[in-house]
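Chain by chain, the residues:
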Amino acid sequence: MTGTTRGSTHSSGPYRSYVYAYPHKTAYRPLGDGPAGRPLLSDLWAAERKDALSLYAHIPFCEVRCGFCNLFTRIGAPGELTTRYLDALDRQATAVRDALGDEEPVRFAAAAFGGGTPTFLTAGELERLCDIAEKRMGADLRSVPLSVETSPSTATADRLAVLADRGTTRVSIGVQSFVEAEARAAVRPQHRSDVEAALGRIRDARIPVLNIDLIYGIEGQTEASWRTSLDAALAWRPEELYLYPLYVRPLTGLGRLGTGADAPEGPDAAWDEQRLRLYRAGRDHLLAQGYEQVSMRMFRRADAPHDGPDDYACQTDGMIGLGCGARSYTSSLHYSFDYAVEMREIRGIIDGFTATEDFSRAEVGRYVDEDEARRRHLLQSLLQARGMRRAEYRERFGSDPYDDFPAELEMFDARGWLDATARPALLRLSPEGLAHSDALGPDLFSPEVRAAMAAYEAK
């Protein structure tokens, strides 16, 4: 999601970690020394279903880096770096498609371009990116849901025209705040007039779904100023809105200032209360305006088209990731490339990616056993507002979630986080449980993943 922050802390309180993937990348490790120790993609995918794959292409470039951002992205692309990056993406796509083989049909059911900011690329480069997805990977972008992230400064008419022509069904724009003082406080310099102009161009492009990202918990933000941003976004009748709590992580611009949950003095109870208060105000306002809550973060207009995966749904098996910041998921292994937040480290990883000729093996990742698969399924299902059918879980795993996770579910119930009216058929969060999703999610991490994340050295 454009402009969001990611990571993990070990603080108590409602804002411990945004669980957008499990296991988190900080639990990944190198998969072996030398080519012989790294698994071949052809072996990894040999026994996998390939009839409903998801395709994700990562573009790790932005014009500026927001103060809260710890995504894998760099500022600018000097020289011919975007050309070299797309060249490498082309080589990687060719290797991945070869690894998938032709013994059975290979079909993509959804696609997304993220980052970074994919629309940092020029219109011509976006055409090439789409060609790689279609001609190399075989994804029919005009017949499947295609989501693309953008920013106010890069949502230009020529780029949006390419996206619309190539079948984009959803554009997500990171606005974060329509209040300029708040944008400056988040180290995201932008003028509201530029944001509004970009939204106008997106609507002119007639892409079916517009998503607007907003952030609450910014220094100086009040319920009144938060309402200003919400109403400014609602004026565009976006099909989707994502409301993100601000996180301040190590090695980010705000993190270097020593503020937020990772400050030396520890969690800030007043900040936690501010974020909870603003979340509830935002949630209630959107519900009153005809939006449905899909997850803690995601709200969809009740009459909006729905042809893509919901929040967290990309965690299902069968994800093909292209680019040095993308993940791929098989049923037994999640893999990617090295991960970093600090700009010098990121530049080095990108340079290494562009120089790579052989993409036939997985580099960095984490194997997922049956216990982790159960945890992951429960996580991604429970964090959805609609909840999880216990019968579906039993059918998939041959056991009941209350037998597999008795201590965790008992704790959630004791805290009032589970909806008692949904039982026994459904495991569903209560409104208070949804509000505490970022505390509930980390409670489901396995001890092994917790240990790996704790041992990770940020770079």
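Residues numbered from 1 in each chain as written. Predicted model: local features only at pLDDT ≥ 70, side-chain atom pairs only at ≥ 80, totals over all residues. Heavy atoms only, no water.

For the chain, the count of helices and strands is 17 helices and 17 strands. Taking all 459 residues of the chain together, 60% fall into the buried category. Total accessible area computed for the chain in this model is approximately 17,700 Å², and 51% of it derives from carbon and sulfur atoms. (Helix = DSSP H or I, 4+ residues; strand = E, 2+ residues; numbered from the N terminus. Buried < 20%, exposed > 50% of the residue type's maximum accessible area, 1.4 Å probe, protein only. Areas by Shrake-Rupley, 256 points an atom, 1.4 Å probe, with all protein chains shown as cover.)

Moving on: helix H11 (residues 370-382). Taking 1.5 Å of rise per residue, the 13 residues of H11 would be expected to cover 18 Å, and the 18 Å separating its terminal C-alpha atoms lies within 8% of that figure. With respect to burial, H11 is a largely interior element, 11 of its 13 residues being buried. Along H11, the positions that sit buried rather than exposed are Glu 372, Ala 373, Arg 374, Arg 375, Arg 376, His 377, Leu 378, Leu 379, Gln 380, Ser 381 and Leu 382. The opening residue of H11, the one whose side-chain oxygen lies 3.2 Å from the backbone nitrogen of Asp 371, is Asp 369. (Expected span 1.5 Å × (residues − 1). Polar contact = N/O pair within 3.5 Å; in protein donor to acceptor, adjacent residues only side chain to side chain.)

Evaluated as defined, the whole model comprises 35 salt bridges. Where Asp 87 meets Arg 128, a salt bridge forms, and the shortest distance between an N and an O atom there is 2.7 Å. Residue Asp 87 is found in helix H3 (residues 81-100), and its partner Arg 128 is found in helix H4 (residues 123-136); the two are separated by 41 residues along the sequence. Taking the relative accessible area as the measure of exposure, Arg 128 reaches 28% and is therefore partly exposed. Where salt bridges share partners, they join Glu 127, Asp 131, Glu 134, Arg 142, Asp 165 and Arg 166 into one cluster. (Salt bridge = Lys/Arg side-chain N within 4 Å of Asp/Glu carboxyl O.)

Mean pLDDT over the chain works out to 89, with 89% of the residues at or above the 70 mark. This model gives residues 1-11 a pLDDT under 50, and the stretch forms 49 contacts once residues within four places in sequence are excluded. For residues 260-265, every residue scores under 50 in pLDDT, and the model assigns this stretch 12 contacts once sequence neighbours within four places are set aside. (pLDDT = per-residue confidence, 0-100. Contact = heavy atoms within 4.5 Å.)

Within the secondary structure, Arg 29 sits in strand S1 (residues 29-30). The contacts of Arg 29, once residues within four sequence positions are left out, are Glu 363, Val 364, Gly 365, Ala 452, Ala 455 and Tyr 456.

In this section: the pairing of strand S6 (residues 146-150). Judged by how many residues are buried, S6 sits mostly within the fold: 5 of 5 residues are covered. Along S6, one buried face is formed by Leu 146, Val 148 and Thr 150 and the opposite face, lined by Ser 147 and Glu 149, is buried too. Of the strand pairs in this sheet, strand S5 (residues 108-115) and S6 are connected by 3 bridges, and their pairing is parallel. Note that in S6 the partner of Ala 111 across the bridge is Leu 146. (Pairing = 2+ DSSP bridges.)

Quick look at the environment of Gln 92 now. Within the secondary structure, Gln 92 is located in helix H3. Along the backbone, Gln 92 and Glu 357 are 265 residues apart, and their C-alpha atoms lie at a distance of 8.2 Å. Aside from chain neighbours lying at most four places away, what touches Gln 92 is Gly 321, Leu 322, Gly 323, Phe 337, Phe 353 and Phe 359. A distance of 2.8 Å separates the side chain of Gln 92 from the backbone nitrogen of Gly 323, its partner in a polar contact.

On to the nonpolar core, then. In this structure, Leu 214 and Ile 320 are the most contacted members of the largest nonpolar core, which totals 129 residues. Of the residues forming this core, the biggest block, 10 residues, is contributed by H3. Apart from residues no more than four positions distant in its own chain, Leu 214 is found in contact with Val 175, Gln 176, Ser 177, Phe 178, Trp 226, Ser 229, Leu 230, Ala 233, Leu 241, Tyr 242, Leu 243 and Tyr 244. (Core = buried A, V, L, I, M, F, W, Y, C linked by side-chain atoms within 4.5 Å.)

Here we come to helix H17 (residues 447-455). When H17 is considered as a whole, its buried residues turn out to be Val 449, Ala 452 and Met 453. Across the axial projection of H17, the buried residues extend over an arc of 100°, all falling on one side. For H17, the exposed residues lying more than 90 degrees away from the buried face are Pro 447, Ala 454 and Ala 455. Buried residues belonging to H17 abut S1, strand S15 (364-367) and H11. (Arc of directions from axis to C-beta.)

We now examine the side chain of Thr 168. The residue Thr 168 is located in the loop between helix H5 (157-165) and strand S7 (170-176) in this model. The exposure class assigned to Thr 168 is buried, which follows from its relative accessible area of 4%. Within the structure, Thr 168 has its side chain in polar contact with the backbone oxygen of Leu 163 (distance 2.8 Å). Beyond its immediate chain neighbours, meaning those up to four positions away, Thr 168 contacts Leu 146, Val 148, Leu 163, Ile 207 and Pro 208.

The next thing to look at is the pairing of strand S2 (residues 53-59). Where burial is concerned, most of S2 is hidden: 6 out of the 7 residues are buried. The pairing of S2 with S5 spans 7 bridges and is classified as parallel. Pairing of Leu 55 across the sheet is with Ala 111, part of S5. The sheet contact formed by S2 and strand S12 (residues 319-322) spans 4 bridges and is parallel. Looking at the pairing, Tyr 56 lines up with Gly 321 of S12.

This next bit is on the packing of helix H8 (residues 223-234) against helix H9 (residues 269-288). At a minimum axis separation of 10 Å, H8 and H9 run at an interaxial angle of 35°. Between H8 and H9 lies a crossing whose hand is right-handed. Across the interface between the two elements, Glu 223, Trp 226, Arg 227, Leu 230, Asp 231 and Leu 234 from H8 touch Arg 277, Leu 278, Ala 281, Gly 282, His 285 and Leu 286 from H9. Of the residues belonging to the contact of H8 with H9, the class tally is 6 nonpolar, 2 polar and 4 charged. (Axes fitted to C-alpha atoms, helices over the stretch in contact; angles between N-to-C directions. Left-handed = near helix turned anticlockwise from the far one by under 90°. Nonpolar A, V, L, I, M, F, W, Y, C, P; charged D, E, K, R; others polar.)

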